[in-house]
Amino acid sequence: MIGNSWDEILKKEFNKDYFKDLLDFVKKEYQTKTIYPKETEIFNAFRKTSYEDTKVVILGQDPYHGINQAHGLSFSVKDGIKCPPSLVNIYKELNDDLNIKIPTTGNLIPWTEEGVLLLNATLTVEASKPGSHQGKGWETFTDEVIKIINDKNTPVVFILWGNYARQKKKLITNSLHYIIESPHPSPFSAYNGFFGSKPFSKTNNFLISKGLKPINWEIKEPVHE
């Protein structure tokens, strides 16, 4: 289904009844409605960042629900698509934190190649209806993914932006790992503590302290899938 080590690691989950019911629901939704991302991109986060390469998890809630925005990576949009407000604020904080130039593309694939798993809690959404596929089984699946990463014996940074992501903190019990949490980067909350939270430098300082290679957060242009 995915094409790398995640297939074997998640095999038990794929065979559970709730997951089969979830896939049936999603398949019918694609047949009758406009659903994002494309079916072939639902599991992009796992395709782009294998289990063994995962050093950082950035947890989002839902895929973007606008035309051609979502492509299976939390907070990321395809090349040529205007950056959504939350991503604009993420780039502002990146620039302030590490003095990295703000790119014109919102495509975060270079981060995935550095070991950043861009995971949404819900992996599909109906067009123009945020939250429409919540409570269908995706959260059960992605909670299991977080637990599996929690069991890794190498350090991982979990970046939890906003109240929804912060609820997942209870799943991260391994003292090897490092949790960074702050308000969400959306315009509604970014000024309440997201700006100035320095998640990117904190991540790299932690990784370096554990003898791991830091993340190159720079996004060069153009980015091609």
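Residues numbered from 1 in each chain as written. Predicted model: local features only at pLDDT ≥ 70, side-chain atom pairs only at ≥ 80, totals over all residues. Heavy atoms only, no water.

Draft legend 1. Spatial organisation of the overall build of the chain. The helix and strand tally for the chain stands at 9 helices and 6 strands. By principal-axis analysis of the C-alpha atoms, the chain measures approximately 45 × 40 × 30 Å. The proportion of buried residues among the 225 residues of the chain is 54%. Long-range pairs, those at least 24 residues apart, make up 66% of the contacts in the chain with a sequence separation of at least 6. Accessible surface for the chain amounts to roughly 10500 Å². Of this, 50% is attributable to carbon and sulfur atoms. Within the chain, the 27 negative side-chain charges are centred at a point lying 2 Å from the centre of the 28 positive side-chain charges. (Helix = DSSP H or I, 4+ residues; strand = E, 2+ residues; numbered from the N terminus. Buried < 20%, exposed > 50% of the residue type's maximum accessible area, 1.4 Å probe, protein only. Contact = heavy atoms within 4.5 Å. Areas by Shrake-Rupley, 256 points an atom, 1.4 Å probe, with all protein chains shown as cover. Lys, Arg positive; Asp, Glu negative; His and termini not counted. Charge placed at Lys NZ, Arg CZ, Asp CG, Glu CD.)

Draft legend 2. Local environment of the packing of helix H5 (residues 85-98) against helix H9 (residues 199-209). Following both chains from N to C, one finds H5 and H9 inclined at 55 degrees, their axes separated by 7 Å at the closest point. It follows that H5 is oblique to H9 by the angle criterion. Contact with H5, carried on its side by Ile90, Glu93, Leu94, Asp97 and Leu98, involves Pro199, Phe200, Ser201 and Asn204 of H9 and no other residues of that element. A breakdown of the residues in the contact of H5 with H9 according to their chemical character gives 5 nonpolar, 2 polar and 2 charged. (Axes fitted to C-alpha atoms, helices over the stretch in contact; angles between N-to-C directions. Parallel < 35°, antiparallel > 145°, perpendicular 65-115°, else oblique. Nonpolar A, V, L, I, M, F, W, Y, C, P; charged D, E, K, R; others polar.)

Draft legend 3. Main features of the nonpolar core. Phe46, Ile58, Trp111, Phe141 and Trp217 are the most contacted members of the largest nonpolar core, which totals 63 residues. Here this core gets 6 residues from one element, more than from any other, and that element is helix H7 (residues 138-150). (Core = buried A, V, L, I, M, F, W, Y, C linked by side-chain atoms within 4.5 Å.)

Draft legend 4. The arrangement of the environment of valine 77 in detail. Examined against the element boundaries, valine 77 turns out to sit in the loop between strand S2 (56-60) and H5. Apart from the residues within four sequence positions on either side, valine 77 is in contact with Tyr64, Gln69, His71, Lys82, Pro84, Leu87, Gly106 and Asn107.

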